[in-house]
Amino acid sequence: MNQKRLHLAIQKSGRLAERSLELVRKAGFRVNKSASDLAYSVENAPIDIWCVRDDDIPTFVANGVADLGIVGRNVLAERAAGGGDGVREIMPLGFGRCRLCIAGPERFEYRGPGSLNGLRIATTYPNLLTQFLSAAGVQAEIVTMSGAVEVAPRLKLADLICDLVSTGATLEANGLAAFETVMEGEATLVRSTRELDPDLERLLESLSSRFRGVCASQDAKYVMMNAPRSALPRIAEILPGAGAPTVLELAGRDDAVAVHAVCQESVFWETLEALKEAGASAILVLSIEKLM
Ligand code: ATP
Ligand code: ZN
């Protein structure tokens, strides 16, 4: 019998490639490279992984060649802004963060979208840029490129660019600076909008739930401390992203308790100092391996 398999498309090489595969592995899937470097198969679940260009991932998913994909929200949004459908976001994955920005020569004086009127802007995101300009009521010319957008101003191909920025180092190296954000990007898990076979749908749900767990446990910490009962309301306020903490008796102490909580957001030294100030002592912060 031909076993049904779920197909996940990830970037073959580039900024999202390694983290995508790492996420699959952290979710407990054992991955084997196949003979071609185009695919991996998962040993302990009926899942195949296609490795492709990131720009092709939404198309693969929309056409049903893949059921799921990991792709930048910017790529997905560009397709949607151009009228493409058949793909929807399941959840953000917390890596590959960047911004789609409008940037120009460092001396350019930007005073809001009106400053863009009559200028030429080079981009690989013409649909998102068109949407942004028309929402702002701006008339500018869009020069669509397929890459290396940052050289356009030097080549006099455009006055400004609209491109992805994370640290700004590439812009700076080209004498450019970002002054407007069109959208925020981040790797996201996407799925096809078509209905899947019920077994595959269950597998997809289990995969997304494991991915959610891996993402949630990345910053999450298990925090334990002792504290006077009277400090409980203040402590609950300080703990970042914790629900109601667990409060336990301390043997032989009526005035103090042990407090345990799962914090879904980063716990910084400042947090610990604030807890100490609120009266907590013996504060322990532990990493969480899995969370569901
Ligand atoms: P491919 O060969 O797969 O087409 P690419 O060169 O188009 O690769 P990458 O540069 O690897 O793509 O970027 C993949 C994704 O990583 C982007 O779509 C974006 O979501 C995210 N990203 C994060 N930071 C940046 C950045 N500084 N520049 C570009 N993309 C970034
Ligand atoms: Zn690409």
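Quick note: structure is the one above.
Just so it is clear, the model here is predicted, and its values are computed rather than measured. (Residues numbered from 1 in each chain as written. Chains lettered and ligands numbered in written order. Predicted model: local features only at pLDDT ≥ 70, side-chain atom pairs only at ≥ 80, totals over all residues. Heavy atoms only, no water.)

A.B. asks: I keep staring at unusual backbone geometry and nothing clicks. Help me out?
C.D. replies: Working note: non-glycine residues mostly have negative phi, and peptide bonds are mostly trans. Its identity is not glycine, yet Ala148 carries a phi of approximately 45°, on the positive side. In this structure, Lys156 takes a positive phi of about 60° despite not being glycine. By secondary structure assignment, the location of Lys156 is in the loop between strand E9 (141–144) and strand E10 (160–165). (Helix = DSSP H or I, 4+ residues; strand = E, 2+ residues; numbered from the N terminus.)

A.B. asks: Can you walk me through the site of ligand 1 in this structure?
C.D. replies: Around ligand 1, the surrounding shell holds 16 residues, and the nearest of these are Arg15, Arg53, Asp55, Asn74 and Ser166. Between Arg15 and ligand 1, the recorded distance is 2.7 Å, taken from a backbone N or O atom to an oxygen atom. Contacts to ligand 1 include Ser166, whose side-chain N or O atom sits 2.7 Å from a nitrogen atom. For ligand 1, the protein covers 78% of the area, taking 630 Å² as the surface of the free molecule. The cavity where ligand 1 resides is the largest pocket. Split by residue class, the shell around ligand 1 holds four nonpolar, seven polar and five charged. (Near = heavy atom within 4 Å. Polar contact = N/O pair within 3.5 Å; in protein donor to acceptor, adjacent residues only side chain to side chain. Areas by Shrake-Rupley, 256 points an atom, 1.4 Å probe, with all protein chains shown as cover. 1 Å grid on protein atoms, 1.4 Å probe; cavity = no way out; pocket = protein on both sides within 12 Å on 5 of 7 lines; lining within 4 Å. Sits in = over half its atoms within 2 Å of the grid points. Nonpolar A, V, L, I, M, F, W, Y, C, P; charged D, E, K, R; others polar.)

A.B. asks: Please explain the environment of Leu129 as it appears in this structure.
C.D. replies: Topologically, Leu129 is positioned in helix H4 (residues 126–136). Given the relative accessible area of 0%, Leu129 is considered buried. Spatially, the C-alpha atoms of Leu129 and Ile102 are 9.0 Å apart, while their sequence positions differ by 27 residues. Those residues in contact with Leu129 that sit more than four places away from it in its chain are Ile102, Ile121, Thr123, Ile142 and Cys162. (Buried < 20%, exposed > 50% of the residue type's maximum accessible area, 1.4 Å probe, protein only. Contact = heavy atoms within 4.5 Å.)

A.B. asks: Could you clarify how one ought to interpret the sheet that holds strand E6 (residues 87–92) in this entry?
C.D. replies: Strand pairing in a sheet is mediated by backbone hydrogen bonds. Such pairs are either parallel or antiparallel. The strand order across the open sheet formed by seven strands is E2-E3-E4-E1-E5-E12-E6, and the pairing between neighbours is mixed. This sheet does not close on itself; its edge strands, each paired only once, are strand E2 (31–33) and E6. Neighbour-to-neighbour, the strand axes of this sheet turn through a mean angle of 30°, independent of strand direction. Of the strand pairs in this sheet, E6 and strand E12 (residues 187–192) are connected by five bridges, and their pairing is antiparallel. Bridge pairing in E12 links Met91 to Leu189. Strands strand E1 (6–11), E2, strand E3 (39–42), strand E4 (47–52) and strand E5 (68–72) of the sheet are contacted by helix H1 (residues 17–26), whose axis makes an angle of about 145° with E1. Where helix H6 (residues 198–219) meets the sheet, its contacts fall on E1, E4, E5, E6 and E12, and the angle it forms with E6 comes to roughly 35°. (Pairing = 2+ DSSP bridges. Axes fitted to C-alpha atoms, helices over the stretch in contact; angles between N-to-C directions.)

A.B. asks: I tried to follow the coordination of the zinc ion (ligand 2) on my own but got confused; where do I start?
C.D. replies: Around a metal, the idealised angle for a tetrahedral arrangement of four donor atoms is 109.5 degrees; for an octahedral arrangement of six donor atoms it is 90 or 180 degrees. Within the protein, the atoms that donate to the zinc ion (ligand 2) are Asp54 (OD) and Asp55 (OD), at distances of 2.0 to 2.1 Å. Taking relative accessible area as the criterion, Asp55 reaches 41% and is therefore assigned partly exposed. (Donors = N, O, S within 2.8 Å, 3.2 Å for Na, K, Ca; no water.)

A.B. asks: It is not clear to me how helix H8 (residues 269–277) should be interpreted in this structure. Could you clarify?
C.D. replies: Given 3.6 residues per turn, any residue in an α-helix points the same way as the ones three and four places further on. Residues of H8 that are buried: Thr271, Leu272 and Leu275. Taken down its axis, H8 places every buried residue within 95° of arc, on the same side. Of the exposed residues in H8, those oriented more than 90 degrees away from the buried face are Trp269, Glu270, Glu273, Lys276 and Glu277. Contact partners of the buried residues in H8: strand E13 (221–228), helix H7 (232–238) and strand E16 (281–287). Positive backbone phi, at 115°, marks Gly279, one or two positions downstream of H8. (Arc of directions from axis to C-beta.)

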